[in-house]
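Secondary and tertiary structure notes
The chain contents come next:
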Amino acid sequence: MMNKYIKVISLLLALTSTIFLSAANAASSKSTTDMLIDLAETDTVLIERLNELAINDEKLLSQLLTMAEADPIKVAKLLNLAESDPSMFWALANVYNAQAAKASCDSEPPKDNQRMGVTFGTISDGNGIIRN
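These numbers come from a predicted model, not from an experiment. Each chain carries its own residue numbering, running from 1 in the written order of its sequence. Totals for whole chains, interfaces and linings use all residues, but because this is a predicted model, local features are given only for residues with pLDDT of at least 70 and pairs of side-chain atoms are given and counted only at 80 or more. Side-chain numbers here rest on the full set of heavy atoms in the structure, without hydrogens or water.

**A word on the overall build of the protein chain**
Numbered from the N terminus, helices here are DSSP runs of H or I no shorter than four residues, and strands are runs of E no shorter than two. Helix and strand counts for the protein chain come out as 6 helices and 3 strands. Note on classification: 1.4 Å probe, protein chains only; a residue is buried when its accessible area is under 20% of the maximum for its type, exposed when over 50%, partly exposed between these limits. Within the span of the protein chain, comprising 132 residues, buried residues form 21% of the whole. Contacts are assigned to residue pairs that have any heavy atoms within 4.5 Å of one another. Residue pairs in contact within the protein chain that sit at least 24 positions apart in sequence constitute 55% of those at least 6 positions apart.

**Brief notes about the pattern of salt bridges**
Whenever a carboxyl oxygen of Asp or Glu lies within 4 Å of a side-chain nitrogen of Lys or Arg, that contact is scored as a salt bridge. Scanning the entire structure with this criterion turns up 2 salt bridges. Of the charged contacts, one joins Glu 83 and Arg 49 as a salt bridge, the two residues approaching to 2.7 Å between their closest N and O atoms. Linking Glu 83 in helix 5 (residues 72-84) with Arg 49 in helix 3 (residues 44-56), this pair joins segments that are 34 residues apart in sequence. Given a relative accessible area of 24%, Arg 49 falls into the partly exposed group. Residues Glu 69 and Lys 74 are paired through a salt bridge, measuring 3.0 Å at the closest nitrogen-oxygen approach. Classification of Lys 74 by relative accessible area gives partly exposed; the value is 33%.

**Brief notes about the packing of aromatic side chains**
The description of two aromatic rings rests on the distance between their centres and on the angle between their planes. Stacked, tilted and edge-to-face are the three classes applied to pairs of Phe, Tyr and Trp rings, where Trp contributes its six-membered ring and a pair requires centres within 6.5 Å; stacked means planes under 30 degrees apart, edge-to-face means over 60, and tilted covers the rest. Using the criterion set out here, one finds 1 aromatic pair in the structure. By definition here, charges over rings are those cases where NZ of Lys or CZ of Arg is within 6 Å of the ring centre and within 35 degrees of the ring normal. One cation-aromatic arrangement involves Lys 59 over Trp 90; the distance from NZ or CZ to the ring centre is 5.4 Å.

**Observations concerning the packing of helix 4 (residues 58-68) against helix 5**
Between helix 4 and helix 5, whose axes approach to 9 Å, the crossing angle comes to 140 degrees. By the criterion of interaxial angle, the relationship of helix 4 to helix 5 is oblique. For the pair helix 4 and helix 5, the crossing hand works out as right-handed. For the pair helix 4 and helix 5, contact is made by Leu 60, Leu 64, Met 67 and Ala 68 and by Lys 74, Val 75, Leu 78, Leu 79 and Ala 82, respectively. Grouping the constituent residues of the contact of helix 4 with helix 5 by class yields 8 nonpolar, no polar and 1 charged. What counts as an axis is a line fitted to C-alpha atoms, over the stretch in contact for a helix, and the angles between N-to-C directions run from 0 to 180 degrees. We call two directions roughly parallel when the angle between them is under 35 degrees, roughly antiparallel when it is over 145, roughly perpendicular when it lies between 65 and 115, and oblique otherwise. Crossing handedness is read from the near helix: turned anticlockwise from the far helix by less than a right angle, it gives a left-handed crossing, and turned clockwise, a right-handed one. Basically, the charged four are Asp, Glu, Lys and Arg, the nonpolar ten are Ala, Val, Leu, Ile, Met, Phe, Trp, Tyr, Cys and Pro, and anything else, Gly included, counts as polar.

**Quick notes on the nonpolar core**
Residues enter a nonpolar core if they are buried and are Ala, Val, Leu, Ile, Met, Phe, Trp, Tyr or Cys, with the set joined through side-chain atoms within 4.5 Å. Ranked by size, the top nonpolar core spans 17 residues in total, and within it Leu 50, Leu 64, Val 75 and Phe 89 carry the most contacts. Taken together, the elements giving at least two residues each to this core come down to helix 2 (30-42), helix 3, helix 4, helix 5 and helix 6 (86-107). Ranked by the residues each element gives to this core, the list is headed by helix 4, at 6 residues. Beyond its immediate sequence surroundings of up to four residues, Leu 50 is in contact with Leu 36, Leu 39, Leu 61, Leu 64, Val 75 and Leu 79.

**Concerning the environment of Thr 32**
In this fold, Thr 32 is placed in helix 2. Taking the C-alpha atoms as reference points, Thr 32 and Leu 65, separated by 33 residues in sequence, lie 7.5 Å from one another.

**As for the confidence of the model for the protein chain**
It should be kept in mind that the predicted coordinates are not to be read in detail where pLDDT is low. The pLDDT value tells you how sure the predictor is about a given residue, anywhere from 0 up to 100. Residues at a pLDDT of 70 or more form 58% of the protein chain, whose mean pLDDT is 75. Within the protein chain, no element has a lower average pLDDT than strand 1 (residues 117-119), which sits at 47, and none a higher one than helix 5, at 94. Here residues 17-28 scores under 50 on pLDDT; set against residues more than four positions off or in separate chains, the count is 11 contacts.

**Topic: helix 4**
Counting buried residues along helix 4, 9 of its 11 residues qualify, which places the element largely inside the surrounding structure. Within helix 4, burial applies to Leu 60, Leu 61, Ser 62, Gln 63, Leu 64, Leu 65, Thr 66, Met 67 and Ala 68. Once helix 4 ends, the next one or two residues include Glu 69, with phi positive near 50 degrees.

Here it is in structure tokens:
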């Protein structure tokens, strides 16, 4: 039971710390830039809508580009959803970010000095053992 709470708290902390990192990485990636260039050549109306977001709501734009994963079709669908039903968009964004944080936690094991475990009534904090 306590293990579930620790996992949930760890996931929430990881989610909080990775939301802005993933958005920054996606917004600055080469594949996103290539996608935006392709959109500028083929769908100027969509680029104008994205430009409006860049001016008025940078957080929404970053989240949208992160979730689109350099797919122009996803960009258009996500932008339509964000404009027609903002609360549903942010609910979807929360699910997406939680999934990304979980994947990040699963792929990166903690470093030795960051491990924290509970074993049969003892807690190891990396600096020694504290007994209950």
